[in-house]
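Take a look at the letters that make up each chain.
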Amino acid sequence: MKNKSNQRTAEAKKEKLLSLLQKHGLNIYDNLDQGKFPQFIIPSRSVNNIVYDKKLRQYILGNASAVRSSRNMSQLRSYTQLAWLAFFVNRLVREGKSSTLRDIYYSSQAFSIDFEDQPESDNIIVDLEAVTLSPREEFHIFPEERSSVFGDLTIEYTVPGYEGKRMNLSDHPDGYLIGPSLSSAELVDTSAELVIAIEKGGLFTRFVEEKVHKKFKSIIVDTAGQAPRSTRNLLRRLNQELGLPVVILADGDVYGEHIAMVIKSGSANAAHLRELTVPDAKWLGVWATDIEKYKLPTIPMTESDIKRIYDLQKDPRYQEGNWKKQLEVFLKLKRKAELEAFSKYGLTNITDKYLPAKLEESKSF
Amino acid sequence: MSKETFSQISPSEFFYRNRDLAGFSNPTRSLYTSVREFVENALDACDQKKVLPDIHLSIKAVDPEQSDPKHYVLTVKDNGPGIEPKHVPHAFGTVLYGSKFGLKQARGMFGLGATMAILYGQITTNKPVTVKSCADEKVIDEFVMLLDIQKNKPVILKHTTKDASKTGLSVSIVLEGDYSKAGSKIRDYVSQTSLITPYASMTFEDPTGEKFHYPRIVKEMPPPPTIIKPHPHGVDVETIRRMIVDTHYQIPAVDNKMIEKIKKELGLQKKSLTTKDMLERAQKRWADLSRPVRTIIALMSFLNVDFDGLQKIRIDDIDVANKKITYWDFGESQSHAIEIDSESSYYKQLANTIQGDTLLTFLTKRFQRVGPTTAEKFCEFAKLKPERRIGSMTNEELVRLADALQKFDDFLAPDPSCLAPLGEEPLSKGIMKFFNPEFASVMQRNASAYSGFPFVVEMGIAYGGGIPATGLKVYRFANRIPLLYDEGSDVVLKIVNEMDWSRYKVKGDPPLVIVSHICSTRIPYKTVGKENVADRPELERELKNALQYLARKLAVHMSRQGAADMEKKRANLYAKYVPLISQFSTELSGKKKEPNYKQLIKMGSEIEEQI
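Basis of the calculations
- Residues numbered from 1 in each chain as written.
- Chains lettered and ligands numbered in written order.
- Predicted model: local features only at pLDDT ≥ 70, side-chain atom pairs only at ≥ 80, totals over all residues.
- Heavy atoms only, no water.
- Helix = DSSP H or I, 4+ residues; strand = E, 2+ residues; numbered from the N terminus.
- Buried < 20%, exposed > 50% of the residue type's maximum accessible area, 1.4 Å probe, protein only.
- Contact = heavy atoms within 4.5 Å.
- Areas by Shrake-Rupley, 256 points an atom, 1.4 Å probe, with all protein chains shown as cover.
- Lys, Arg positive; Asp, Glu negative; His and termini not counted.
- Charge placed at Lys NZ, Arg CZ, Asp CG, Glu CD.
- Domains from an automatic or database assignment.
- Salt bridge = Lys/Arg side-chain N within 4 Å of Asp/Glu carboxyl O.
- Polar contact = N/O pair within 3.5 Å; in protein donor to acceptor, adjacent residues only side chain to side chain.
- Nonpolar A, V, L, I, M, F, W, Y, C, P; charged D, E, K, R; others polar.
- Core = buried A, V, L, I, M, F, W, Y, C linked by side-chain atoms within 4.5 Å.
- Disulfide = S-S within 2.5 Å.
- Axes fitted to C-alpha atoms, helices over the stretch in contact; angles between N-to-C directions.
- Parallel < 35°, antiparallel > 145°, perpendicular 65-115°, else oblique.
- Phe/Tyr/Trp six-rings, centres within 6.5 Å; stacked < 30°, edge-to-face > 60°.
- Lys NZ or Arg CZ within 6 Å of the ring centre and 35° of its normal.
- Left-handed = near helix turned anticlockwise from the far one by under 90°.
- Buried area = accessible area lost by both parts, 1.4 Å probe.
- Pairing = 2+ DSSP bridges.

Draft legend 1. The overall build of chain A, seen in detail. What chain A contains, in helices and strands, is 13 helices and 17 strands. Dimensions of chain A, computed from C-alpha atoms along their principal axes, come out at roughly 75 × 50 × 35 Å. For chain A, with 365 residues in total, the buried portion stands at 53%. Pairs at least 24 residues apart make up 73% of the contacts formed inside chain A by residues separated by at least 6 positions. Of the accessible surface of chain A, which amounts to about 16700 Å², a share of 51% is contributed by carbon and sulfur atoms. Of the side chains in chain A, 52 bear a positive and 49 a negative charge, and the two mean positions are spaced by 4 Å.

Now the structure itself:
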């Protein structure tokens, strides 16, 4: 039952997007035909227009928007790029094909759309996201994958040619890439009771070896640094659709703390999008206070580390509770520790001692 | 202790010993400098007599097989007025002999350079100079001469005459030079001279036999300069003191010669009169007496002495303001001062004679462009009485006068009639012909002055067209002479480099040329070599103003050009992108036929850019 309804939602989303794109196409067509300069209205993503919504517990865009007009010579090129992308996405979605950010950059050349570099085309993709208020995954555009998942989770593909095919994610010890097929798959069944997101590939492998998925009845996700959107979306679905709590393990520094925060409440870069956050996710560690408590070996912070702390102290999400406290302790220590620091006390120390202790502790926050 | 000997050296010897100061430091530089000196003399001579110059320059190797540096024959021939035969030996055989000592603009000063070149040629090759001159359209005189360096005197080896029909002068010397190194500079010099002298025709035959001909571009000569009085802004205390000395009278020495003169003027050669009778006689003839005689008669009256008595004393000071005469008595070996009786009829005479002109007269008579009204205003400004006799002014007052002359703003600008700028039209024609640019503009600033010397800045700017896009190039001229060496330290370069060219829409390595011409009765050169101009603030200001004016003109041209380019660019952009948008929107909207977008391409290229 549940799967059916999910499928219907996905289908509805696709139809909604296609009709939106067609509406834009008609608008452009009519303008041209009437000798008028067509234009796009794009919600502004400038810093002034990004605000934190306490109710949604994430960043959202304000009401300001910008006009990109074909009448303005300096915007003509980027206008055409955006029109092309709408056209190209329309083909992708209609034909059920997938693409990557890099693939988009190269595909443009076949249509005499000259992007100077990939950042320029990436930026146009974000523009279309903002215009349609849909994430690029709905456009069938994905980043180059690097993030993976492992654990007892059965999925069912929806991508063309694999419809209905099922697969269990504990079959392959290297884990499974969180790519377009996995992202669009239905989550069918799991015996897990917990999701552990971990910042580093090395420790992800160690966790699989140490059978953390069995010991803690968990699904393990490697975020490979700052979690990509498809990974954040998967984490959200595991939490919302399967009701699994999500915990996060990251390096004991300001960047690790922020990786946890972005999974929990999103990033300013994706303020125009929803459904990428896991508001109830818990940051297990490594906290600044853990560094002292577990007597971890440390290295000194760099100047940019310290600057980052000052920057985050201005962020509304770091104004209270443990988030605020940990930043202050980091600033006081001016030292940081990697997840690997636990190896000092043995290779399995992190899974045998630290993880259970933190999971126990997490029940109280 | 060794005994020192002191001896005077002749000017020739001085310049021989310091020849590197005048641009004769090595064979390369010397060849170039010699060319310059002779060509400039030839042009100056033609300018003075308003003759459209025809200059022929040739450089021939004595032995072409030899390698540089070697001996060259340098010949410069002009169609100027020539030099009278009696002046030729001195003009070319004596250092510091010339016809250019007045206060007006000329390329060279004092005729120093040409003689230096002759001197250099003689030192390096021991060959004489050959001068051919015709000043009367009948006879041409040929002199072959050497210079006696120690005596600063010409030694004529040969003098012949021939019939002739045209005036002109030809000078030929043999000198050690290095054409392989100096060649490019000499060719630049000749071509740039033709740019700044568009009314001259010039031919240059180089040692390889190649001929460079620069025909006349304009047929009118610029108005010639005249000799003028100094401008008040251009004098210092010392100059004023010298001008006053010319005006007011020195206390004459009383010797036998003077006594004879007095007797003669009073008609007393035969008889001798008492002092009293003599004074009476002088009274009657006063109007006919010379100034020194009047002074002495007046003194005799006040001191009440005869000729003998006058010879026993020395007059130290006649202080008319304080009515006092101070004298030294040789017999008593002491100084005396006596009162002058201001009621005496001699007082006024003495006062007028001794003290010279009133300040008002001095200002109007001795300076250019100062009328009585301006002079009176100035006196008020300087807090000096206009009727004040300049001879009676104290040191402090003179300093105040000099100071006020500098600071008073209401003097008219210096009289530029002593200057000979090229003029905007000939300069513009020269630039057009020379560079064939897409855009050119010229401007002549009003005359200004530095340290009493008037100057005029003329400047031209040229852009695009035949100018290569290799970056800004500056052509510097002073008194119609191209300046080719020591570019880096020149004031014009400094001004040009200080400009923020991006403000004038000039970017990258522009096809841009600046022609700067400074005319002055004295160009403030940094060195005797006359290649770079010093940065006087007055000069800097004028250069800057001229350059900014021209740069603004260029900016207008550039934005017009830019607007045309922009329109073209717009048209291209719309022609490229609108069909693409049309194609995408057709598929996106699910239509079969493309929209009619042609009108939009046209509209796109016509939109005024909104800034």
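Draft legend 2. Examining unusual backbone geometry more closely. Omega for the bond connecting Gly285 of chain A with Val286 of chain A falls within 30 degrees of zero, at 5°, which places this linkage in the cis form. Positionally, Val286 of chain A belongs in the loop between β15 (282-285) and α10 (288-293). Cis geometry is found at the peptide bond from Asp68 of chain B to Pro69 of chain B, where omega equals -10°. Look at Lys50 of chain B: it is not a glycine, yet its phi comes out positive at around 55°. Mapped onto the elements, Lys50 of chain B comes out in the loop between α2 (27-48) and β1 (54-61). In this model, Asn126 of chain B sits at a positive phi of 60°, which is unusual for a non-glycine residue. Inspection of the secondary structure puts Asn126 of chain B in the loop between α4 (112-125) and β3 (129-134).

Draft legend 3. View of the domain arrangement of chain A. Residues and elements named next belong to chain A. Along its sequence, chain A is carved into domain 1 (2-142) and domain 2 (148-362). For domain 1 versus domain 2, the distance between C-alpha centres works out to 30 Å. Facing the 25 residues of domain 1 at the interface are 27 residues of domain 2. At the boundary of domain 1 with domain 2, the tally comes to 3 salt bridges. A salt bridge links Glu129 to Arg229; the shortest N-O distance between them is 2.3 Å. Summed over the shared surface of domain 1 and domain 2, the result is 6 residue pairs in polar contact (both at pLDDT 80 or more). Every element with two or more residues in the side of domain 1 that touches domain 2 is listed here: α1 (2-33), β2 (50-53), β3 (58-61) and α4 (118-132). Residue contributions to the side of domain 1 that touches domain 2 peak at 5 residues, all from α1. Split by residue class, the side of domain 1 that touches domain 2 holds 11 nonpolar, 7 polar and 7 charged.

Draft legend 4. Molecular detail of the nonpolar core. Val149, Phe207, Ile219, Ile263 and Leu355 of chain A are the most contacted members of the largest nonpolar core, which has 68 residues in total. Excluding its chain neighbours within four sequence positions, the residues that come into contact with Ile263 of chain A are Ala197, Thr223, Ala227, Arg232, Leu235, Ile248, Leu276, Thr277, Val278 and Ala281 of chain A.

Draft legend 5. Broad picture of the state of the cysteines. Residues and elements named next belong to chain B. Under the criterion given, the structure shown has 0 disulfides over all chains. Of all cysteine sulfurs in the structure, the one in Cys46 sits closest to Cys134, which takes part in no disulfide; the separation is 13 Å. Judged by its relative accessible area of 1%, Cys134 is buried.

Draft legend 6. Examining the packing of helix α7 (residues 256-266) of chain B against helix α9 (residues 291-303) of chain B more closely. All names here are of chain B. Where α7 meets α9, the axes come as close as 10 Å, and the angle between the chain directions of the two elements is 95°. Considering their axes alone, α7 and α9 lie roughly perpendicular with respect to each other. Residues Met258, Lys261, Ile262, Glu265 and Leu266 of α7 touch α9, and the partners they reach there are Pro292, Val293, Ile296 and Ile297. Split into classes, the residues belonging to the contact of α7 with α9 amount to 7 nonpolar, no polar and 2 charged.

Draft legend 7. Looking closely at the environment of Tyr310 of chain A. Residues and elements named next belong to chain A. Within the secondary structure, Tyr310 sits in helix α11 (residues 303-312). Overall, Tyr310 belongs to the partly exposed group, its relative accessible area being 42%. As a C-alpha pair, Tyr310 and Leu276 span 34 residues in sequence and 26 Å in three-dimensional space.

Draft legend 8. The arrangement of the packing of aromatic side chains in detail. One pass over the structure, following the stated rule, counts 30 aromatic pairs over all chains. On the numbers, 5.6 Å between centres and 15° between planes, the contact of Phe204 of chain B with Phe212 of chain B is stacked. Note on accessibility: Phe204 of chain B and Phe212 of chain B belong to one class, buried. Between Phe378 of chain B and Phe411 of chain B, the aromatic rings sit 5.5 Å apart at their centres with planes inclined by 35°, giving tilted as the arrangement. Separated by 33 residues along the polypeptide, Phe378 of chain B in helix α13 (residues 372-382) and Phe411 of chain B in the loop between α14 (395-407) and α15 (424-435) bring together distant segments of the chain. Note on accessibility: Phe378 of chain B and Phe411 of chain B belong to one class, buried. Following the ring pairs from residue to residue traces out a cluster consisting of Trp84, Phe87, Phe88, Phe111 and Phe115 of chain A together with Phe584 of chain B. Stacked on the ring of Tyr475 of chain B, the Lys or Arg Lys473 of chain B has its end atom at 4.7 Å from the ring centre.

Draft legend 9. Quick look at the packing of helix α2 (residues 73-95) of chain A against helix α17 (residues 537-589) of chain B. Interaxial distance between α2 of chain A and α17 of chain B falls to 9 Å at its minimum, and their mutual angle equals 15°. For the element pair α2 of chain A / α17 of chain B, the angle class is roughly parallel. Regarding α2 of chain A and α17 of chain B, the two cross each other, and that crossing is left-handed. Contacts between α2 of chain A and α17 of chain B involve Met73, Leu76, Arg77, Tyr79, Thr80, Ala83, Trp84, Ala86, Phe87, Asn90 and Arg91 of chain A from the first element and Met566, Arg570, Leu573, Tyr574, Tyr577, Leu580, Ile581, Phe584, Glu587 and Leu588 of chain B from the second. Grouping the amino acids of the contact of α2 of chain A with α17 of chain B by side-chain chemistry returns 15 nonpolar, 2 polar and 4 charged.

Draft legend 10. Examining the interface of chain A and chain B more closely. Contact residues are listed per partner, giving 31 residues for chain A and 30 residues for chain B. Note on chain A versus chain B: buried area summed over both sides is about 2700 Å², and carbon and sulfur give 70% of it. Ranking the residues of chain A by area buried against chain B places Tyr29, Leu32 and Met73 of chain A at the top, with a combined share of 29%. Arg91 of chain A is paired through a salt bridge with Glu587 of chain B; the nearest N and O atoms lie 2.7 Å apart.

Draft legend 11. Focus on the sheet that holds strand β8 (residues 211-214) of chain B. All names here are of chain B. Within the open sheet, the 8 strands sit side by side as β5-β4-β3-β6-β2-β1-β7-β8. Their pairing is mixed. The sheet terminates laterally at β5 (153-163) and β8, the two strands that pair on one side only. Averaged over neighbouring strand pairs, the angle between their axes works out to 15° when direction is ignored. Note that β3 and strand β4 (residues 139-148) share 5 bridges and pair antiparallel. The residue of β4 that forms the bridge with Val129 is Met145.

Draft legend 12. Here's a closer look at the sheet that holds strand β11 (residues 334-339) of chain B. All names here are of chain B. In spatial order, the strands read β9-β10-β11; together these 3 strands make up an open sheet with antiparallel pairing. Only two strands of the sheet have a single partner each, and these edge strands are β9 (313-319) and β11. Ignoring which end each strand starts from, the neighbouring axes of this sheet average 20° apart. Pairing of strand β10 (residues 324-329) with β11 involves 6 bridges; the strand directions are antiparallel. Residue Thr326 lies in a different strand from β11, and its bridge partner there is Ala337.

Draft legend 13. Structural context of the pattern of salt bridges. Counted under the stated rule, the structure contains 37 salt bridges over all chains. A salt bridge links Lys336 of chain A to Asp305 of chain A; the shortest N-O distance between them is 2.7 Å. A residue pair is termed long-range when its members are at least 10 positions apart, and Lys336 of chain A in strand β17 (residues 335-336) and Asp305 of chain A in helix α11 qualify at 31 residues. Taken as a pair, Lys336 of chain A and Asp305 of chain A share a single burial class, namely buried. Note that Glu265 of chain B and Lys261 of chain B form a salt bridge whose closest N and O atoms lie 3.6 Å from each other. Note that Glu265 of chain B and Lys261 of chain B are positioned in helix α7 at a spacing of 4 residues, about one turn of the helix. Classification of Glu265 of chain B by relative accessible area gives partly exposed; the value is 22%. Residues participating in the shared-partner salt-bridge network are Arg77, Asp114, Glu116 and Glu120 of chain A together with Lys576 of chain B.

Draft legend 14. A look at the domain arrangement of chain B. We note that the domain assignment places domain 1 (11-214), domain 2 (232-245 + 357-407), domain 3 (249-355), domain 4 (416-554) and domain 5 (559-606) within chain B. Distance from the C-alpha centre of domain 1 of chain B to the C-alpha centre of domain 2 of chain B: 44 Å.

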